[in-house]
Amino acid sequence: MASLTDTGGWFSDCADITMAYRGFADPDVLPPGIVPLLDRGCAMWTLIEFRTADGQLWDWDPSLCCMQHALAPLGQPLAQWLTDWVHG
């Protein structure tokens, strides 16, 4: 799992977030403007959409069904997600 705090650690099979983004760069896999944010392990990711002003979050889980349905909106912007995280 990647840390949201700057601890100098990045916990992923990818070397860094840019490598993670390049892995999703195929437009058939991920629409432009959606970027991997958090590696949750087991090929699951939380992604952020930079095409929205509030940074809507998306879920990526190819093990749920198939690659066509791996991407799903979480219906939550980054600010709300961080607020929930801070409050446990």
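Anything mentioned here points back to the structure above.
Residues numbered from 1 in each chain as written. Predicted model: local features only at pLDDT ≥ 70, side-chain atom pairs only at ≥ 80, totals over all residues. Heavy atoms only, no water.

Let us look at the overall build of the chain. The number of helices and strands found in the chain is two helices and four strands. When the helices and strands of the chain are read in sequence order from the N terminus, they spell out α-β-β-β-β-α. Expressed as a percentage of the 88 residues in the chain, the buried residues total 28%. Intrachain contacts of the chain at a sequence separation of at least 6 include 25% that bridge at least 24 residues. Only carbon and sulfur atoms are counted for the fraction: they give 60% of the accessible area of the chain, which is about 5600 Å². (Helix = DSSP H or I, 4+ residues; strand = E, 2+ residues; numbered from the N terminus. Buried < 20%, exposed > 50% of the residue type's maximum accessible area, 1.4 Å probe, protein only. Contact = heavy atoms within 4.5 Å. Areas by Shrake-Rupley, 256 points an atom, 1.4 Å probe, with all protein chains shown as cover.)

A few words now on unusual backbone geometry. Unlike most non-glycine residues, Cys-42 shows phi in positive territory, near 55 degrees. Relative to the assigned elements, Cys-42 resides in the loop between β1 (34-41) and β2 (44-49). The exposure class of Cys-42 is exposed, given its relative accessible area of 72%. Residue Ala-43 is not a glycine yet carries a positive backbone phi of 70 degrees. Within the secondary structure, Ala-43 is located in the loop between β1 and β2.

Turning our attention to the pattern of salt bridges. Tallied over the full model, the rule gives two salt bridges. Among the salt bridges present, the one from Glu-49 reaches Arg-51, with a minimum N-O distance of 3.0 Å. When its relative accessible area of 9% is taken as the criterion, Glu-49 is described as buried. (Salt bridge = Lys/Arg side-chain N within 4 Å of Asp/Glu carboxyl O.)

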